[in-house]
Amino acid sequence: MSSIAGKILRVNLTDGSIKHEALSPGLAREFLGGRGLGGKMLSDEIRAGIDPLGKENKIFFVTGPLTGTSAPTGGRYMVVTKSPLNNAIASSNSGGFWGAELKFAGYDMLIVEGRAKEPVYIYIRDNQVEIRPAGKLWGMTTSQVTDALLTEAGDRKARVLNIGPAGENLSRIASVMNDRWRAAGRSGVGAVMGAKNLKAIVVRGSGKVEAAIQERFKEAVSSSLKKIKENGVTGQGLPAYGTAILVNIMNEHGIYPTNNFQLGVFPQAEETSGETLAEKYLKKKDPCFRCPIACGRYCSVDGEEGGGPEYETVWAYGADCGISDLKAIIRANNVCNEMGLDTISAGATIAAAMELYQRGRIRPEELDGAPELTWGNGEAIVEWTRKMGRAEGLGAKLALGSARLCEAYGMPELSMTVKKLELPAYDPRGVFGHGLQYATANRGGCHVRGYMISPEILGSPEKLDRFTLDGKAEWVKIFQDLTAVIDSLGICLFTSFALGAQDYTDLYNAATGENFSVDELLACGDRIFNNERLFNLAEGYTAKDDTLPKRLLEDPMPDGPSKGYVHPLDKMLPKYYEIRGWSADGVPTAPKRQALRL
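Keep in mind that what you see is a predicted model, and the values were worked out from it rather than measured.

A. Summary view of the overall build of the chain. Scanning the chain for helices and strands turns up 24 helices and 17 strands. Against the compact-globule benchmark of 25 Å for 598 residues, the chain has a radius of gyration of 22 Å, which places it among compact chains. The C-alpha extent of the chain, read off along each of the three principal axes, is 60 × 55 × 50 Å. Counting the 598 residues in the chain, one finds 63% classified as buried. For the chain, long-range pairs separated by at least 24 residues make up 69% of all intrachain contacts whose partners lie at least 6 apart in sequence. Looking at the chain as shown, the accessible area adds up to about 19900 Å², and 49% of this sits on carbon and sulfur atoms. In the chain, 70 side chains carry a positive charge and 72 a negative one; their mean positions are 3 Å apart.

Dropping the structure here:
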């Protein structure tokens, strides 16, 4: 008995074949599950240079060994594919209940390959798997298709994963949505589903996920729950105010990007904070499967209800666009979810468009009567999000992401991206370790591949000087490797505020029957991260791509507590490469690859 099902479901949309395959125990042991296992199999199964929107690309929906168990937050899964946004490896994480349901149906992983001639959806009920027509669902928003498929399934306990109009229109920032407003948001994974004419995946399982050593697993779960509930972040702050509790904290440190990273302090931050959200618009908490933290929000504005917004969304549609109207931010978030767009990339792309408009590159006549792209215009973020999802007019250009948008208007430096992926809500000029993590993250500008905000701002597990270089490369590597482990186990990264490597090792060993040491588990994280690096190198990436936007490297922060700083990336990368076991040009050395069995 093990929490790993040992079974893969492979669906080919070109020839309609459906296969049940055995999961390699060796691969599962070295890459764990989720992000790690999906990344390894993607690397093995597709060749470098393929079109990410072509039928040769594959998309992996991967659970972890703790997904579907009673482990705290054990409902996570990963969507792994080649990104249509930047040709890098994409591994986008989501919560809710869909991932656990796939495990209940008896599968560790679903692999979808090929391309259907017409729109379809996949129906899974344990061993019953069907490819069904979805022509009548094409064009529906995410909540509409969820309602339609639950009615068709005749089972309100079924779980629905789908794309919205943005994915259908091949937006490079389209997300995969599940359980209505949970999102595998980043890297354009929704466009890969759209390119395959795959609208949705419905799953219903009747099984259970049992731990290999049940008594030991119960003890590990109990210990972890106790730590999570007693921790100030996971036991108090996040449950009370959600992720938007970070708004005031980041603003007070002068790292809250405002007006497309032109500033680091937003004077009206309090008006969009988690505290204000809870006071005025929160209707209830909305926890994921087996989650004791319950950071998810469910809000109501003028009779309009929906899930979210999260901190990153509040920032992207708020300070980054100079907007303090929380009602407008909530409405834009709801439209974003219905369209199936990544809220970070969507909001940040609108912010880039606002700066292009500010500088006269986007002309008023291009707006076709839509709200002006001016800082602080709440109506603009709502309508332009809708136009992005529907690929209408200028909205079709925005739907490709800020890198392509700014390049098209002759000002690529206004795109606040790393490897074409929009940066989230922390200005690296005031958090040096976090900036190094941005530059080296394998999928691009991402905060959840090694959340250095935790030690540099929040003081967890210890407080680091945010402006020092000493030890930062070592910290970034450790955080990146541990995060790769967490993403592969099938639980939430937020648990890391309260739990350490030993806790994850105890949970994994009891669930699977393995006997890993902490070092062996972290070695899996190192292996996973390096495998992703090798994927990107094969796609043509080099050390030159480990960089930050010019503004953050050359323009000193103009205001606030981080005033006067730029990011010293050039002084940090050589040490990071050395610690990683990479050459001076950022390539894993032969001894490193041999040590990791890559």
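B. Fine view of the state of the cysteines. Under the definition given, this model contains zero disulfides. Unpaired in this structure, C295 has its nearest cysteine sulfur neighbour in C291, at a distance of 6.2 Å. On the basis of relative accessible area, C295 is assigned to the buried category, the value being 14%.

C. Highlighting the nonpolar core. With 93 residues, the main nonpolar core has L32, F217, M250 and Y256 as its most contacted residues. Core analysis: the next-biggest nonpolar cluster, separate from the first, contains 48 residues, C336, A346, L367 and L414 among them.

D. Inspection of the packing of helix α17 (residues 432-440) against helix α19 (residues 472-489) at higher detail. Two elements in contact, α17 and α19, have axes separated by 9 Å at closest approach and are oriented at 55 degrees. One way to sum up the angle between α17 and α19 is to call them oblique. Once α17 is placed against α19, the crossing between them reads as right-handed. Along its contact with α17, which presents F432, G433, L436, Q437 and T440, the element α19 presents K472, A473, V476 and Q480. For the contact of α17 with α19, the per-class residue count stands at four nonpolar, four polar and one charged.

E. View of helix α8 (residues 232-241). Regarding α8, the residues found buried are T234, G237, L238 and P239. Against the buried residues of α8 lie α7 (214-230), β13 (282-285) and β14 (297-301). Taking the backbone nitrogen of V233 as reference, a side-chain oxygen 2.8 Å away marks N231 as the first, capping residue of α8. Phi turns positive, to about 70 degrees, at G242, one or two residues after α8.

F. Molecular detail of the packing of aromatic side chains. Inspection of the entire model under this criterion finds 20 aromatic pairs. When the centroid spacing of 3.8 Å and the interplanar angle of 10 degrees are considered together, the rings of F467 and Y565 count as stacked. Here F467, found in the loop between α18 (453-458) and α19, pairs with Y565, found in the loop between α22 (550-554) and α23 (569-580); they are 98 residues apart in sequence, far enough to count as distant. On the basis of an interplanar angle of 50 degrees and a centroid distance of 5.8 Å, the ring pair of W475 and F479 is categorised as tilted. Of the two residues, W475 and F479 are both situated in helix α19; the distance of four residues between them amounts to about one turn of the helix. Here the aromatic residues Y256, Y311, Y426, Y451, F494 and F497 are joined through ring pairs into a cluster of three or more. Looking at K284, its charged tip hangs above the ring of Y298, at a distance of 4.9 Å from the centre. Over the face of the ring belonging to W384 we find K387, whose NZ or CZ atom lies 5.5 Å from the ring centre.

G. Expanded view of the pattern of salt bridges. If you walk through the whole model with that rule in mind, you get 43 salt bridges. Note that R10 is salt-bridged to E21, the shortest N-O span being 2.8 Å. In this pair, R10 is assigned in strand β1 (residues 7-12) and E21 in strand β2 (residues 18-22), connecting sequence segments 11 residues apart. In this structure R10 comes out as buried when scored by relative accessible area, which is 10%. A relative accessible area of 25% means that E21 is categorised as partly exposed. Note that R35 is salt-bridged to E532, the shortest N-O span being 2.7 Å. You can see R35 sitting in helix α2 (residues 34-45) and its partner E532 sitting in helix α21 (residues 518-538), a full 497 residues away along the chain. Connected through shared salt-bridge partners, R10, E21, E45, K58 and E113 make up one network.

H. Quick look at the sheet that holds strand β4 (residues 77-82). Strand order across the open sheet formed by six strands is β2-β1-β6-β3-β4-β5, with mixed pairing between neighbours. Looking at the sheet topology across the chains shown, the edges are occupied by β2 and β5 (89-94). Along the sheet, successive strands turn relative to each other by an average axial angle of 20 degrees, direction set aside. Relative to β5, β4 runs antiparallel, the two sharing six bridges. Within the sheet, the bridge partner assigned to M78 lies in β5 and is N93.

I. Molecular detail of unusual backbone geometry. Here the bond from G308 into P309 is cis, since omega is 5 degrees, no more than 30 degrees from zero. Along the chain, the position of P309 falls in the loop between β15 (304-307) and α11 (311-317). Each neighbour pair has its own omega, and for S460 with P461 the value is 5 degrees, a cis peptide bond. Among the secondary structure elements, P461 is positioned in the loop between α18 and α19. Residue L170 is not a glycine yet carries a positive backbone phi of 60 degrees. With relative accessibility at 31%, the residue L170 sits in the partly exposed group. One non-glycine residue with positive phi stands out, namely R290, at about 55 degrees. Here R290 lies in the loop between β13 and β14.

J. View of the sheet that holds β13. Read from one edge to the other, the open sheet built from three strands follows the order β13-β14-β15, with strand pairing classed as antiparallel. Only two strands of the sheet have a single partner each, and these edge strands are β13 and β15. Direction aside, neighbouring strands of the sheet carry axes that sit 20 degrees apart on average. Across the face of the sheet, helix α12 (residues 326-339) comes into contact with β14 and β15 while running at roughly 65 degrees to β15.

K. Inspection of the environment of G586 at higher detail. Secondary-structure assignment places G586 in the loop between α23 and α24 (590-595). Measuring from C-alpha to C-alpha, the distance between G586 and V518 comes to 27 Å, with 68 residues separating the pair along the chain. Dropping the residues within four chain positions of it, G586 is found in contact with R533, L537, A543 and Y577.

Parameters at a glance
- Residues numbered from 1 in each chain as written.
- Predicted model: local features only at pLDDT ≥ 70, side-chain atom pairs only at ≥ 80, totals over all residues.
- Heavy atoms only, no water.
- Helix = DSSP H or I, 4+ residues; strand = E, 2+ residues; numbered from the N terminus.
- Rg over C-alpha atoms; globule rule 2.2 N^0.38 Å.
- Buried < 20%, exposed > 50% of the residue type's maximum accessible area, 1.4 Å probe, protein only.
- Contact = heavy atoms within 4.5 Å.
- Areas by Shrake-Rupley, 256 points an atom, 1.4 Å probe, with all protein chains shown as cover.
- Lys, Arg positive; Asp, Glu negative; His and termini not counted.
- Charge placed at Lys NZ, Arg CZ, Asp CG, Glu CD.
- Disulfide = S-S within 2.5 Å.
- Core = buried A, V, L, I, M, F, W, Y, C linked by side-chain atoms within 4.5 Å.
- Axes fitted to C-alpha atoms, helices over the stretch in contact; angles between N-to-C directions.
- Parallel < 35°, antiparallel > 145°, perpendicular 65-115°, else oblique.
- Left-handed = near helix turned anticlockwise from the far one by under 90°.
- Nonpolar A, V, L, I, M, F, W, Y, C, P; charged D, E, K, R; others polar.
- Polar contact = N/O pair within 3.5 Å; in protein donor to acceptor, adjacent residues only side chain to side chain.
- Phe/Tyr/Trp six-rings, centres within 6.5 Å; stacked < 30°, edge-to-face > 60°.
- Lys NZ or Arg CZ within 6 Å of the ring centre and 35° of its normal.
- Salt bridge = Lys/Arg side-chain N within 4 Å of Asp/Glu carboxyl O.
- Pairing = 2+ DSSP bridges.

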